[in-house]
Amino acid sequence: MINLRLANERDCQRYLDWRNDPVVRESAFESSPIEFKTHKVWFLGKLESPESILYVVELDNSAIGQVRFEIDDEVAEVNYSIDENYRGKRLASSMMSCAIEKLLMKNRNVKSVVAKVKQGNLPSMKVFENLSFTKKDCKNQEDYSVFELQTNF
Ligand SMILES: CC(C)(COP(=O)(O)OP(=O)(O)OC[C@H]1O[C@@H](n2cnc3c(N)ncnc32)[C@H](O)[C@@H]1OP(=O)(O)O)[C@@H](O)C(=O)NCCC(=O)NCCS
């Protein structure tokens with residue numbers, strides 16, 4: 001069963017491994033590999049930041065992925081990934097759905113969740129379509145699509 005918990009300092013190396021995975025790098029806007037020292041500063045900063053919520057996704061007590069929300073006022077931008085050993089098992093939509101539910105329970109100010117998905121990232125686009133996100137029309141924006149879910153219903 002899928003379970004989400006908040007990330008902690010002991011997840012630092014795990015997050016770096018996930019971040020440096022070639023498929024994750026390809027999906028990212030800054031795609032060069034990250035070194036541990038740089039990552040650690042970033043990661044500890046995120047754990048401290050009130051604007052960042054980092055969930056580790058577990059399946060039968062194994063960490064299988066992460067969902068991170070960056071909150072700016074009423075908008076939460078989402079970043080997520082699944083460990084390469086657990087991809088392709090159709091876990092992503094339910095993991096994202098659980099994460100959004102948890103976010104909204106914790107953070108009642110959030111009125112919309114947005115995601116920027118690079119063109120060609122078909123599994124991720126499918127996830128947001130499955131969860132009824134709307135693909136927004138962004139003029140002059142060719143390298144990624146923006147998906148949005150209004151949550152104030
Ligand atoms: C994005 C990511 C989390 C998706 O997880 P996944 O395990 O690969 O995806 P799933 O197996 O859950 O599949 C997701 C959906 O995409 C569909 N899908 C998979 N490959 C597809 C393809 N090539 N074309 C179209 N749809 C596809 C699946 O059928 C599924 O839809 P369904 O549940 O309606 O059947 C994972 O690929 C990942 O970690 N990628 C790198 C990081 C990343 O891209 N993050 C998102 C940034 S916006």
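Residues numbered from 1 in each chain as written. Predicted model: local features only at pLDDT ≥ 70, side-chain atom pairs only at ≥ 80, totals over all residues.

> Hey, could you run me through unusual backbone geometry in this one?
With glycine set apart, most residues show a phi of negative sign, and most peptide bonds adopt trans. For Arg-90, which is not glycine, the phi torsion reads 60 degrees and is therefore positive. The topology assignment puts Arg-90 in the loop between strand S4 (75–82) and helix H4 (92–106). With phi around 65 degrees, Ser-132 is a residue other than glycine that occupies positive phi space. Topologically, Ser-132 is positioned in the loop between helix H5 (122–130) and strand S6 (134–136). Under the C-beta neighbour-count criterion, Ser-132 is labelled exposed, with 9 such atoms within 10 Å. (Helix = DSSP H or I, 4+ residues; strand = E, 2+ residues; numbered from the N terminus. Buried ≥ 20, exposed ≤ 12 C-beta atoms within 10 Å, placed from the backbone.)

> Quick question: what am I supposed to make of the packing of helix H1 (residues 12–20) against helix H3 (residues 36–48) here?
In a packed pair of helices, the relevant descriptors are the angle between the two axes and the axis-to-axis distance. Two elements in contact, H1 and H3, have axes separated by 10 Å at closest approach and are oriented at 115 degrees. Considering the angle they form, H1 stands roughly perpendicular to H3. Crossing angle aside, the handedness with which H1 passes H3 is right-handed. Across the interface between the two elements, Cys-12, Tyr-15, Leu-16 and Arg-19 of H1 pack against Phe-36, His-39, Lys-40 and Phe-43 of H3. Residue composition of the contact of H1 with H3, grouped by class: 5 nonpolar, 1 polar and 2 charged. (Axes fitted to C-alpha atoms, helices over the stretch in contact; angles between N-to-C directions. Parallel < 35°, antiparallel > 145°, perpendicular 65-115°, else oblique. Left-handed = near helix turned anticlockwise from the far one by under 90°. Contact = placed C-beta atoms within 7 Å. Nonpolar A, V, L, I, M, F, W, Y, C, P; charged D, E, K, R; others polar.)

Taken by themselves, the reported measurements are silent on function.
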